[in-house]
Amino acid sequence: MVVEQSRPFFQLDSSTQHQMVQSTNRIILNKGDMIDNDELMRYFYVVVSGKVRNYQLNLNNAKEQTISILRNGDMFDIMIVLDNKEHNVMYEALEKSELMKFAIDDIRRLLSSNESFRSVFFSYVAQYMRSLEELATDMSLYSTSQRLIKLLLQNSDPTNRTKYNILQGLSNTQIANLIGTVRHVVERHLKALKADGAIESKNKNLQIKDTQKLLDKIDLL
């Protein structure tokens, strides 16, 4: 495992990359594995491969809201690094995933002393804040059908860093958790989109057949 293989660390200078290699451990999470809050207070993680879901759970009704699905180059938990307070979220591997694991104090030292790392870290923080802003506004301003269509379009857009191919291998329940609804609602909307010829399913993955139809439906809703 090489640090520079993990986006966005390829932007770091060679000295910083070497420094990070010396302080990291490689860990493997199998599907369904979790990282508990005690670990999050002590360690910082960077995803090398696979998918890790970041989500909130309502213990009273078991409803879940996925905040983000983390992939190569994504880091967590950035909030704990910055404020040293517990963060009431959960992290679960959606598939076999490889992570880099750093002592969180080492990351804080890099932030305070290394300009190259600081630039990469805060660029990522800004990207993450934008994704949270998008999630909040989508939930408030758009219908479930609009949110699903938007996600399908983003999933097929190679220029979208956070959403491209995000739906690959996800169940309808997991898709529902991304857009704040339940499985049967997603299934109903997907069935309608397939019947209209806008999308199709191949090898359990959703693919767009007619982009314009999806765009027209967002305008009409």
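Residues numbered from 1 in each chain as written. Predicted model: local features only at pLDDT ≥ 70, side-chain atom pairs only at ≥ 80, totals over all residues. Heavy atoms only, no water.

Student: Provide a residue-level description of the packing of aromatic side chains, including the pertinent values.
Tutor: One pass over the structure, following the stated rule, counts six aromatic pairs. A centroid spacing of 4.3 Å and a plane angle of 20° characterise the contact between Phe-76 and Tyr-91, whose relative ring orientation is stacked. Taken together, the positions of Phe-76 in strand E6 (residues 75-76) and Tyr-91 in strand E7 (residues 90-93) put the pair 15 residues apart, joining distant regions of the chain. Taken individually, Phe-76 and Tyr-91 each receive the classification buried, so the pair is uniform in this respect. Among the aromatic residues, ring-to-ring pairing joins Phe-44, Phe-117, Phe-121 and Phe-122 into one connected group. In this structure, Arg-53 packs its charged tip against the face of Tyr-55, placed 3.7 Å from the ring centre. Its end group placed over the ring of Tyr-43, Lys-101 keeps NZ or CZ at 4.1 Å from the ring centre. (Phe/Tyr/Trp six-rings, centres within 6.5 Å; stacked < 30°, edge-to-face > 60°. Helix = DSSP H or I, 4+ residues; strand = E, 2+ residues; numbered from the N terminus. Buried < 20%, exposed > 50% of the residue type's maximum accessible area, 1.4 Å probe, protein only. Lys NZ or Arg CZ within 6 Å of the ring centre and 35° of its normal.)

Student: So what's going on with the side chain of Asp-74? Residues and values would help.
Tutor: By secondary structure assignment, the location of Asp-74 is in the loop between strand E5 (64-70) and E6. Exposure remark for Asp-74: the relative accessible area of 5% places this residue in the buried category. At a separation of 3.1 Å, a polar atom in the side chain of Asp-74 contacts the side chain of Tyr-124. (Polar contact = N/O pair within 3.5 Å; in protein donor to acceptor, adjacent residues only side chain to side chain.)

Student: Tell me about the sheet that holds strand E3 (residues 43-49), residues and numbers included.
Tutor: Strand order in the open sheet formed by four strands is E1-E8-E3-E6, with antiparallel pairing between adjacent strands. Only two strands of the sheet have a single partner each, and these edge strands are strand E1 (24-29) and E6. The sheet contact formed by E3 and strand E8 (residues 97-103) spans six bridges and is antiparallel. Bridge assignment links Val-46 to a residue of E8, and that residue is Met-100. (Pairing = 2+ DSSP bridges.)

Student: Just give me the short version of the packing of helix H6 (residues 144-155) against helix H7 (residues 172-179), but keep the residues and values in it.
Tutor: Here H6 crosses H7 at 110°, and the two axes come no closer than 10 Å. Classified by the interaxial angle, the pair formed by H6 and H7 is roughly perpendicular. Facing Thr-144, Arg-147, Leu-148 and Leu-151 of H6, the residues of H7 in contact are Ile-175, Leu-178 and Ile-179. Of the residues assigned to the contact of H6 with H7, the class counts are five nonpolar, one polar and one charged. (Axes fitted to C-alpha atoms, helices over the stretch in contact; angles between N-to-C directions. Parallel < 35°, antiparallel > 145°, perpendicular 65-115°, else oblique. Contact = heavy atoms within 4.5 Å. Nonpolar A, V, L, I, M, F, W, Y, C, P; charged D, E, K, R; others polar.)

Student: Lay out the nonpolar core with the relevant residues and their values.
Tutor: If you look at the biggest cluster of nonpolar residues, it comprises 33 residues, and the most contacted ones within it are Phe-44, Phe-76 and Phe-121. The element contributing the most residues to this core is helix H5 (residues 115-141), with six residues. Phe-76 has contacts with Ile-35, Leu-40, Phe-44, Tyr-45, Val-47, Val-52, Leu-70, Tyr-91 and Leu-99, leaving out every residue within four places of it along the chain. Within the second largest apolar cluster, 21 residues are counted, among which are Ile-69, Leu-167, Ala-198 and Ile-199. (Core = buried A, V, L, I, M, F, W, Y, C linked by side-chain atoms within 4.5 Å.)

Student: Report on H7, specifying residues and quantitative values.
Tutor: Taken together, the buried positions of H7 are Ile-175, Ala-176, Asn-177, Leu-178 and Ile-179. Within two residues after H7, Gly-180 carries a phi angle of roughly 75°, on the positive side.

Student: A description of the pairing of strand E10 (residues 205-208) should follow, citing residues and the corresponding values.
Tutor: Relative to E10, strand E9 (residues 199-202) runs antiparallel, the two being bridged by four bridges. Within the sheet, the bridge partner assigned to Lys-202 lies in E10 and is Asn-205.

Student: Go over the pattern of salt bridges with me, naming the residues and quoting the values.
Tutor: Side chains bearing opposite charge may pair, as long as their charged atoms lie close to each other. Tallied over the entire structure, the rule returns 14 salt bridges. Across the pair Arg-53 and Glu-92 runs a salt bridge, and its minimum N-O distance is 3.1 Å. Highlighted residues: Arg-53 in strand E4 (residues 52-57) and Glu-92 in strand E7, separated in sequence by 39 residues. Both residues of the pair, Arg-53 and Glu-92, belong to the buried class. (Salt bridge = Lys/Arg side-chain N within 4 Å of Asp/Glu carboxyl O.)

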